[in-house]
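Examination of the molecular architecture
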Amino acid sequence: MRDVQFPKQVLLVNGLVPLAMLGLDAARHKLGANPYEFATRATGILTLLFLILSLAVTPARKLLGLPWLAHFRRLLGLLGFAYGVLHLLTYLWFDKVFQARAIAADLARRPFIMVGMASFLLLVPLAVTSTNAMIRRLGGRRWSRLHKLAYLAAAGGALHFYMLVKADHRLPLAFAAALGILLGYRVLNQYLPGYTERAKVSARPPRRA
Amino acid sequence: MLIKPPDPIKSSEISDPAALLSRRSFMRGAVLAGTAAGTALVYRQFATPSQASRAGEAIAGVLPAAEPIQEARTSLEAITHYNNFYEFSTDKRAVASRARKFVTSPWTVQVGGLAHKPKTFDLDDLRRMFPPEERVYRMRCVEGWSMVIPWIGFPLARLLDLVQPMGSARFVAFESLADPRQMPNIGTTVLDWPYVEGLRLDEAMHPLTLLAVGLYGATLPPQNGAPLRLVVPWKYGFKGIKSIIRINLVETRPATTWNLQAANEYGFYSNVNPAVDHPRWSQATEQRIGESGRRPTLLFNGYADQVGRLYSGLDLKANF
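All values derive from a computational prediction rather than experimental measurement.

Examining the overall build of chain A
If you tally the helices and strands in chain A, you get 10 helices and 0 strands. Counting from the amino terminus, helix and strand elements in chain A follow one another as α-α-α-α-α-α-α-α-α-α. Here the C-alpha coordinates of chain A stretch approximately 60 × 40 × 35 Å along the principal axes. Counting every position in chain A, which comprises 209 residues, the buried fraction comes to 30%. At a minimum sequence separation of 6, the contacts of chain A that also span at least 24 residues come to 65%.

See below:
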């Protein structure tokens with residue numbers, strides 16, 4: 001693909017569509033009886049969704065033989081981070097009205113809040129080091145090792161979701177299953193690289209044939 | 001032949017004539033708009049359940065509430081479109097549309113167990129036997145939100161008196177309908193069906209304990225537990241079992257659905273108590289639907305004067 005700028009714009013616009021809809025529905029009082037709960041839940045789900053999509057880029061690009069998919073990974077991750085910031089803000093604002101003591105008490109006593117907060121904090125260094133300059137400064141190897149944290153953050157997010165649900169665990173389990181598959185691919189890729197890359201297999205034989 | 005342009009464009013509006021004429025930029029605009037519209041539709045599909053629902057029918061001759069509480073009533077729209085009724089959906093906003101074809105007439109309720117005169121009642125008979133009264137109660141959900149609901153119903157005690165409990169009866173067990181043909185979620189294992197609940201006999205006989213048949217002047221809509229549900233205003237909302245088909249007087253403490261689901265989180269009593277947290281979240285405050293910010297939660301949901309004596313000497317932390 002020669003021009004990746006436009007596809008990136010398409011992704012950015014589409015990634016922000018849910019936020020625009022959320023804002024529009026909020027302005028029209030169409031978020032339902034409990035708009036605060038809905039906004040928190042929606043931003044949380046979108047965070048997990050975009051994190052998982054960003055983690056799916058590398059397996060998808062290798063399995064499908066579409067190297068240009070790599071261009072979208074950073075934007076997907078940043079969209080996930082942006083929704084994560086909004087999700088955290090809804091909790092701080094609606095649920096705790098920015099009361100430092102109530103938040104501290106929650107963190108100490110409620111494991112699901114702790115897991116959620118820790119997962120969010122893991123994303124901060126990843127967002128900070130997402131610029132080209134930072135990648136150069138860290139060096140590719142160190143940068144990619146650091147960005148493995150995205151798996152931990154997404155797994156923490158799925159766990160956070162699982163822990164807060166009252167009885168219907170289907171959606172958090174679906175996120176966990178998706179993550180499990182992506183992580184499984186990574187493990188497979190580590191030990192059996194020949195089986196996980198469609199393009200290379202057809203292009204040239206495995207090195208140690 | 002002369003063709004006039006349909007919309008004359010002022011020269012000041014033209015930033016880059018080449019780009020405006022470019023087929024490429026037009027295509028790009030179309031792709032952006034088209035995909036965004038598609039994403040918006042997908043979002044709607046997941047985030048906005050249908051608003052369709054079935055309204056109740058007006059109930060005549062309702063006795064007005066004796067002591068209406070001073071807090072504003074929650075809107076009918078909110079009460080009927082934000083429901084925990086897991087037989088239909090675990091999405092509170094989707095229950096109303098999923099339940100709108102629920103058949104609630106004819107309906108019978110079997111009342112028996114340790115009773116001298118057990119009987120199966122037709123719901124229309126129950127409505128005739130007990131004149132409907134309005135009761136405006138706070139409703140506090142275990143999830144941390146609350147409403148003020150103008151129920152219509154009659155005290156459970158009057159029905160129990162009619163079947164004459166035996167001396168050995170110490171608890172009351174309730175059971176909901178579980179009909180897989182009408183209730184789409186019964187096929188899942190989210191909860192053990194049918195939904196069951198229970199009260200101590202003295203709690204069941206308390207004058208505040210209501211069997212509701214309506215709200216806001218009309219019969220209950222399906223999503224609120226039509227045609228007959230329990231309302232125990234000093235307990236968390238899940239104790240208010242919906243669409244009741246069986247009421248049994250029993251000697252030992254009956255099983256209750258949420259207690260079976262997670263015994264460490266949902267006790268048999270489940271009295272509203274700001275000092276006893278849910279293991280995963282605080283119960284000290286609540287989100288009153290229709291308000292912003294959070295209110296402090298009251299002991300026994302504000303009904304301590306009326307029901308406190310039921311629990312004198314009971315350790316409320318151990319018996320949550």
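This is not the end of the story, as more comes after the structure.
Remarks on the overall build of chain B
Scanning chain B from terminus to terminus reveals 9 helices and 12 strands. In terms of overall size, chain B is more extended than a compact globule, its C-alpha atoms giving a radius of gyration of 26 Å where 320 residues would be expected to give roughly 20 Å. Referenced to the eigenvectors of the C-alpha coordinate spread, the extents of chain B come out at roughly 100 × 45 × 40 Å. Each of the 320 residues in chain B was classed as buried or not, and the buried ones make up 38%. Residue pairs in contact within chain B that sit at least 24 positions apart in sequence constitute 71% of those at least 6 positions apart.

Some remarks on the interface of chain A and chain B
Each side of the interface is counted separately: chain A has 20 residues, and chain B has 24 residues. Sorting the residues of the side of chain A that touches chain B by element identifies α1 (5-27), α2 (35-64) and α8 (149-164) of chain A as the ones contributing at least two each. In terms of residues, the side of chain A that touches chain B owes the most to one element, α1(A), which gives 7 residues.

A closer look at the packing of α8(A) against helix α9 (residues 170-191) of chain A
Between two packed helices, what matters for the description is the angle formed by their axes and the separation of those axes. All names here are of chain A. Look at α8 against α9: their axes get within 8 Å of each other, and the N-to-C directions meet at 160°. It follows from the interaxial angle that α8 and α9 lie roughly antiparallel. Considering the relative orientation of α8 and α9, their crossing is left-handed. Seen from α8, the contacting residues are Y151, A154, A155, A158, F161 and Y162; seen from α9, they are P172, F175, A176, L179 and L183.

Brief notes about the sheet that holds strand β6 (residues 196-200) of chain B
Residues and elements named next belong to chain B. Pairing is mixed across the open sheet formed by 5 strands, whose spatial order is β2-β1-β10-β5-β6. Each of the sheet's edge strands pairs with one partner strand only, and the pair in question is β2 (119-122) and β6. Strand-to-strand, the axes of this sheet are offset by a mean angle of 15°, without reference to chain direction. Sheet topology places strand β1 (residues 108-113) next to strand β10 (residues 244-250); 4 bridges connect them, and they run parallel.

Examining α2(A)
Residues and elements named next belong to chain A. Here α2 contains 30 residues, and its C-alpha end-to-end distance of 40 Å stays within 8% of the 44 Å for a straight helix at 1.5 Å per residue. At V57, α2 shows its maximal kink, close to 35°; a proline, P59, follows between one and four residues later. With 21 of 30 residues buried, α2 is to be regarded as a mostly interior element. A positive phi of about 65° marks G65, the residue just after α2.

Notes on the environment of A:A27
Summarising the element assignment, A:A27 is placed in helix α1. For the pair formed by A:A27 and A:L123, sequence separation is 96 residues and the distance between their alpha carbons is 30 Å.

Quick look at helix α3 (residues 73-95) of chain A
All names here are of chain A. An ideal rise of 1.5 Å per residue puts 33 Å on 23 residues; α3 measures up with 32 Å between its terminal C-alpha atoms. All of the buried residues in α3 are R73, L75, L76, G77, L79, G80, F81, Y83, G84, H87, Y91 and D95. Each element contacted by the buried residues of α3 is listed here: α1, α2, α5 (111-128) and α8. Two residues or fewer after α3 comes V97, characterised by a positive phi angle close to 45°.

Describing unusual backbone geometry
Excluding glycine, a negative phi dihedral is what most residues carry, and trans is how most peptide bonds are arranged. Residues and elements named next belong to chain B. Cis geometry marks the peptide bond from S105 to P106, where omega comes out at 0°. Along the chain, P106 turns up in the loop between α4 (95-98) and β1. Each neighbour pair has its own omega, and for A226 with P227 the value is -5°, a cis peptide bond. With respect to the element layout, P227 can be found in the loop between β8 (218-219) and β9 (229-231). For Q164, which is not glycine, the phi torsion reads 55° and is therefore positive. Of note, Q164 is situated in the loop between α6 (156-163) and β5 (171-176).

Re the pairing of β6(B)
All names here are of chain B. With 4 of 5 residues buried, β6 is to be regarded as a mostly interior element. Where β5 meets β6, 5 bridges bridge the pair, whose relative direction is antiparallel. Bridge assignment links V172 to a residue of β6, and that residue is L199.

Parameters and conventions
- Residues numbered from 1 in each chain as written.
- Chains lettered and ligands numbered in written order.
- Predicted model: local features only at pLDDT ≥ 70, side-chain atom pairs only at ≥ 80, totals over all residues.
- Helix = DSSP H or I, 4+ residues; strand = E, 2+ residues; numbered from the N terminus.
- Buried ≥ 20, exposed ≤ 12 C-beta atoms within 10 Å, placed from the backbone.
- Contact = placed C-beta atoms within 7 Å.
- Rg over C-alpha atoms; globule rule 2.2 N^0.38 Å.
- Axes fitted to C-alpha atoms, helices over the stretch in contact; angles between N-to-C directions.
- Parallel < 35°, antiparallel > 145°, perpendicular 65-115°, else oblique.
- Left-handed = near helix turned anticlockwise from the far one by under 90°.
- Pairing = 2+ DSSP bridges.
- Expected span 1.5 Å × (residues − 1).
- Bend = angle between axes of the 7 residues up to and from the residue.

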